[in-house]
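Examination of the molecular architecture
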Amino acid sequence: MSNEIILVGAGHMGYAMLEGWLGAEILKPEQVVVVEPAEALRDRVEEHGCAAVSSAADLGDDLKPQIIVLAIKPQMMNDILPDYKRFGAAETTFLSVAAGTSIATIEGHTGPSPVIRVMPNTPSAIGEGMLGVFANERVSDETMQFVDQLLVTSGDVVHVEREEQIDAITAISGSGPGYVFHFIEALTEAAKAVGFEEDTALLLAKQTIYGSACLAMESENSPTELRKQVTSPNGTTAAALAVLMEGDAMTKLVTRAVTAARDRAVELGK
Ligand SMILES: NC(=O)c1ccc[n+]([C@@H]2O[C@H](COP(=O)([O-])OP(=O)(O)OC[C@H]3O[C@@H](n4cnc5c(N)ncnc54)[C@H](OP(=O)(O)O)[C@@H]3O)[C@@H](O)[C@H]2O)c1
């Protein structure tokens, strides 16, 4: 079997991953067929040399994909999956990036199949993603190795042992960029409140988050130690952290937010 891939949905996540796979030359454009109703999004994948069609009905019956990547909204799965049953052979693996949608739901449409759930995040677009992976027992070692090769082009990959852990990963790293971008928004607003123009405020916020994340990754010190290194006794950071850490306010708020995201992933799976 050739490493032929059908990518269903070339929106934010589908396109981000495709760009990584083509850019790393793990896949050649002629190995990928994209199904995407939006013309502008089809044009953008065609610019990379991939074939693109607007609906599953336009896919030839002779296609024998090794992998069908499902990068559509979870709410659309039940409508769209039946269109792909005809491609389901024992050696065709379904790879879903959808939040919540369970392997049981996918197999409910495709019949018993190799299924891999992947939870990426948008920094995958620049190769700095965090991806969680769970595969059912029908996925062959050969396919898993090939998929891992694809996924590492998007960022760091962690395999989990239980499917429900994908919902937890969704709440941490899948949705996490949204929390961090909101923190950037908040720090920017705060910078404006203490007197900076928009552009400078945004630069101050973004470079501070970027530099801190890089330091946290490169340093042998824990985030707690790094925080202490910033915090002079009775100084400015101590004054701010007294607000953020009072009664563990920040930790409690983030834990509430992550729990809400995890619960929503579970709900989307019903
Ligand atoms: N965005 C993230 O940060 C993120 C992270 C991890 C996982 N995910 C998961 O990734 C999936 C896609 O999310 P997204 O943010 O990439 O959404 P998105 O940008 O809306 O992409 C979904 C794409 O699917 C297309 N589509 C609709 N009907 C289709 C059909 N019948 N066949 C093929 N494609 C069809 C949509 O086209 P139209 O717009 O024309 O309807 C859209 O371009 C979701 O399941 C989400 O849970 C997203």
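Quantities reported herein were computed from a predicted structural model and do not represent experimental measurements.

1. Section: the confidence of the model for the protein
Taken as a whole, the protein shows an average pLDDT of 95; of its residues, 98% reach a score of 70 or greater. Across the whole predicted complex the pTM is 0.95, and at the interface the ipTM reaches 0.98.

2. Structural notes on the UniProt feature "binding site: NADP(+)" (unreviewed entry) in the protein
Following the UniProt record, the feature "binding site: NADP(+)" (unreviewed entry) maps to Ala71, Ile72, Lys73 and Pro74 here. Secondary-structure assignment places alanine 71 in the loop between strand S4 (67-70) and helix H3 (77-80). Once you skip the residues sitting within four places of it in the chain, alanine 71 turns out to touch Leu7, Val8, Gly9, Gly14 and Val97. One can find isoleucine 72 in the loop between S4 and H3. Discounting residues that sit within four places of it in the chain, isoleucine 72 has contacts with Val8, Gly9, Met77, Ile80 and Ala98.

3. Looking at the site of the ligand
Around the ligand sit 22 residues, and of these His12, Met13, Glu36, Ile72 and Ala99 come closest. At 3.0 Å from an oxygen atom of the ligand is found a side-chain nitrogen or oxygen belonging to lysine 73. One nitrogen or oxygen atom from the main chain of alanine 99 is found 3.0 Å from an oxygen atom belonging to the ligand. The fraction of the free accessible surface of the ligand (880 Å²) that becomes covered by protein chains is 76%. Considered class by class, the residues forming the shell around the ligand number 16 nonpolar, four polar and two charged.

Procedures and definitions
In this convention, every chain numbers its residues from 1, walking through the sequence in written order. Residue-level local features of this predicted model are given only where pLDDT is at least 70; pairs of side-chain atoms are given and counted only at 80 or more, and the full residue set underlies all totals for whole chains, interfaces and linings. The side-chain figures draw on all heavy atoms in the structure; neither hydrogens nor water molecules are used. pLDDT is a residue-level measure of predictor confidence that goes from 0 to 100. UniProt positions are given in the numbering used here, feature names are shortened, and annotations may be inferred rather than shown by experiment. In this description a helix means any DSSP run of H or I spanning at least four residues, a strand means any run of E spanning at least two, and both kinds are numbered starting from the N terminus. For this analysis, residues touch if any pair of their heavy atoms sits within 4.5 Å. Neighbouring residues are identified by heavy atoms, a residue being near a molecule or strand if any of them is within 4 Å of it. Counted as a polar contact is a pair of N or O atoms within 3.5 Å, where, for protein atoms, one must be capable of donating a hydrogen and the other of accepting one, and residues adjacent in sequence contribute only when both atoms are in side chains. All accessible areas in this document rest on Shrake-Rupley with a 1.4 Å probe, and a residue is counted as covered only by the protein chains that are shown. Classes in brief: Ala, Val, Leu, Ile, Met, Phe, Trp, Tyr, Cys and Pro nonpolar; Asp, Glu, Lys and Arg charged; the others, Gly included, polar.

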